[in-house]
Amino acid sequence: MFFDDVVRAFRQMRKRQPAPERTKRSPLEGRTIAFGYINPRGHENDWTITVNRTYVKGSGHYFVGTCTATGNERTFRSDRVEWLEHPQNFDVLESIDAEEWLNSQIRG
């Protein structure tokens with residue numbers, strides 16, 4: 001009986017969590033972008049992905065894309081982007097400029 005109560009409470013809790021806010025179609029979707037990303041452990045990796053979708057969750061801006069090297073889908077937070085090669089003119093945007101540009105594209 002106790003186990004059933006715990007499972008029921010867990011399911012109710014999961015139902016109450018808000019889903020990520022889906023933005024309107026972002027100009028980033030379908031584009032291939034190259035960028036440097038600082039992971040949660042503080043290591044920077046270079047990525048080239050094709051953006052599949054974007055969303056806002058709380059105050060965070062996220063983009064999801066398929067890695068061109070491995071074919072795996074990954075999720076990235078814009079505030080962890082260290083540099084970004086601008087997909088139109090190939091200028092390299094650094095840190096805060098990259099984050100601001102990404103956020104503007106995610107919001108559409």
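What counts, and where the lines are drawn
Residues numbered from 1 in each chain as written. Predicted model: local features only at pLDDT ≥ 70, side-chain atom pairs only at ≥ 80, totals over all residues. Heavy atoms only, no water. Helix = DSSP H or I, 4+ residues; strand = E, 2+ residues; numbered from the N terminus. Contact = heavy atoms within 4.5 Å. Phe/Tyr/Trp six-rings, centres within 6.5 Å; stacked < 30°, edge-to-face > 60°. Buried < 20%, exposed > 50% of the residue type's maximum accessible area, 1.4 Å probe, protein only. Pairing = 2+ DSSP bridges. Core = buried A, V, L, I, M, F, W, Y, C linked by side-chain atoms within 4.5 Å.

Caption draft 1: Representation of the environment of valine 92 in the model. Following the sequence through the fold, valine 92 ends up in strand β7 (residues 92-94). In this structure, the C-alpha to C-alpha distance between valine 92 and alanine 34, residues 58 residues apart in sequence, is 9.5 Å. Setting aside anything within four residues of it in sequence, one finds valine 92 in contact with Trp83, Leu84 and Glu85.

Caption draft 2: Geometry of the packing of aromatic side chains. Counting across every chain of the model gives seven aromatic pairs. Ring centres of phenylalanine 35 and tyrosine 37 lie 6.3 Å apart, and the angle between their planes is 85 degrees; this geometry places the pair in the edge-to-face category. Overall, phenylalanine 35 belongs to the buried group, its relative accessible area being 0%. Looking at tyrosine 37, the relative accessible area reads 10%, which means it is buried. Measuring from centroid to centroid gives 5.0 Å for phenylalanine 35 and phenylalanine 76, while their planes differ by 85 degrees, and the two rings are edge-to-face. With phenylalanine 35 in strand β2 (residues 32-38) and phenylalanine 76 in strand β5 (residues 73-77), this residue pair connects regions lying 41 residues apart in the sequence. Each of the two residues, phenylalanine 35 as well as phenylalanine 76, counts as buried. Taken together, the ring pairs in this structure connect Phe35, Tyr37, Trp47, Phe63 and Phe76 into an aromatic cluster.

Caption draft 3: Just the side chain of asparagine 103, in detail. By the secondary structure assignment, asparagine 103 is in helix α2 (residues 95-107). A relative accessible area of 10% places asparagine 103 in the buried class.

Caption draft 4: Expanded view of the pairing of strand β6 (residues 81-85). Relative to β6, β2 runs antiparallel, the two sharing four bridges. Looking at the pairing, phenylalanine 35 lines up with leucine 84 of β6. Where β6 and β7 come together, three bridges link them in antiparallel fashion. Bridge pairing in β7 links glutamate 85 to valine 92.

Caption draft 5: Representation of the nonpolar core in the model. Counting 18 residues, the largest nonpolar core has Ile33, Phe35, Ile49, Phe63, Val81, Leu84 and Leu102 as the members making the most contacts within it. At the level of elements, β2, β3 (44-57), β4 (60-67), β6 and α2 are the ones that each hand at least two residues to this core.

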